[in-house]
Amino acid sequence: VSYTDIFVLATASNRRQVQAIADEVKKRGKELNQTLVGTEGLEAARWVLVDFADVVVHIFDEPMRGFYDLDGLWK
């Protein structure tokens, strides 16, 4: 896509796991000197977006990933 180099989709079993994965992604991004542009969805933790500009990570709980079907959208 035109706005990022890497687009990552991940699935977690529950909301707590979604939050934990998002926290780890942000931590690892910082360690790799990636600038965090923004984070969305941490409060509800059903679909969290972590944006490092060059890398955008989407972390879903299982029902949300199936509902939004970004895999099918980006085929």
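Fair warning: this is a prediction, and the values are worked out from it, not measured in the lab. (Residues numbered from 1 in each chain as written. Predicted model: local features only at pLDDT ≥ 70, side-chain atom pairs only at ≥ 80, totals over all residues. Heavy atoms only, no water.)

J.: Would you take a moment to explain the side chain of H58 for this structure?
T.: With respect to the secondary-structure elements, H58 resides in strand β4 (residues 55–61). Polar side-chain contacts of H58 include one of 3.0 Å to the side chain of W47. Discounting residues that sit within four places of it in the chain, H58 has contacts with F7, V8, L9, A10, W47, V48, L49 and L70. (Helix = DSSP H or I, 4+ residues; strand = E, 2+ residues; numbered from the N terminus. Polar contact = N/O pair within 3.5 Å; in protein donor to acceptor, adjacent residues only side chain to side chain. Contact = heavy atoms within 4.5 Å.)

J.: I tried to follow the confidence of the model for the chain on my own but got confused; where do I start?
T.: Close inspection of predicted coordinates is inappropriate in any region flagged by low pLDDT. Here the chain shows a mean pLDDT of 90. Residues at 70 or above account for 95%. Looking over the chain, one finds the lowest element-wise mean pLDDT in helix α3 (residues 70–73), namely 73, and the highest in helix α1 (residues 15–31), namely 97. (pLDDT = per-residue confidence, 0-100.)

J.: I keep staring at the sheet that holds strand β3 (residues 47–51) and nothing clicks. Help me out?
T.: Pairing between the strands of a sheet is mediated by backbone hydrogen bonds and can be parallel or antiparallel. Taken together, four strands build an open sheet; the order of strands is β1-β4-β3-β2 and the sheet is mixed. The open sheet has two edge strands with one neighbour each: β1 (6–12) and β2 (38–40). If you compare each strand with its neighbour and ignore which way they point, the axes differ by 10 degrees on average. For β1 and β4, the ladder comprises seven bridges, and the chain directions are parallel. When the bridges of β4 are listed, F7 appears paired with V56. On the sheet, α1 packs against β1, β2, β3 and β4 and is oriented at approximately 165 degrees with respect to β4. (Pairing = 2+ DSSP bridges. Axes fitted to C-alpha atoms, helices over the stretch in contact; angles between N-to-C directions.)

J.: What exactly am I supposed to notice about the nonpolar core here?
T.: Note that soluble globular proteins tend to have their nonpolar side chains buried in a common cluster. Core analysis: the biggest nonpolar cluster contains 10 residues, these being A10, A12, V18, A22, A45, V48, V50, F52, V57 and I59. At the level of elements, β1, α1, β3 and β4 are the ones that each hand at least two residues to this core. Setting aside anything within four residues of it in sequence, one finds A10 in contact with H58, I59, F60 and R65. (Core = buried A, V, L, I, M, F, W, Y, C linked by side-chain atoms within 4.5 Å. Buried < 20%, exposed > 50% of the residue type's maximum accessible area, 1.4 Å probe, protein only.)

J.: Would you mind going over the side chain of R65 with me for this structure?
T.: Checked against the element boundaries, R65 lands in helix α2 (residues 62–68). A distance of 2.7 Å separates polar atoms of two side chains, one belonging to R65 and the other to T11. When residues no more than four places from it in sequence are discounted, the contact partners of R65 are L9, A10, T11, F60 and D71.

J.: How should I be thinking about the environment of E40 in this particular structure?
T.: One can find E40 in strand β2. The sequence separation of E40 and V50 amounts to 10 residues, and the corresponding C-alpha distance is 6.8 Å. Beyond its immediate stretch of four places on either side in the chain, E40 contacts W47, V48 and L49.

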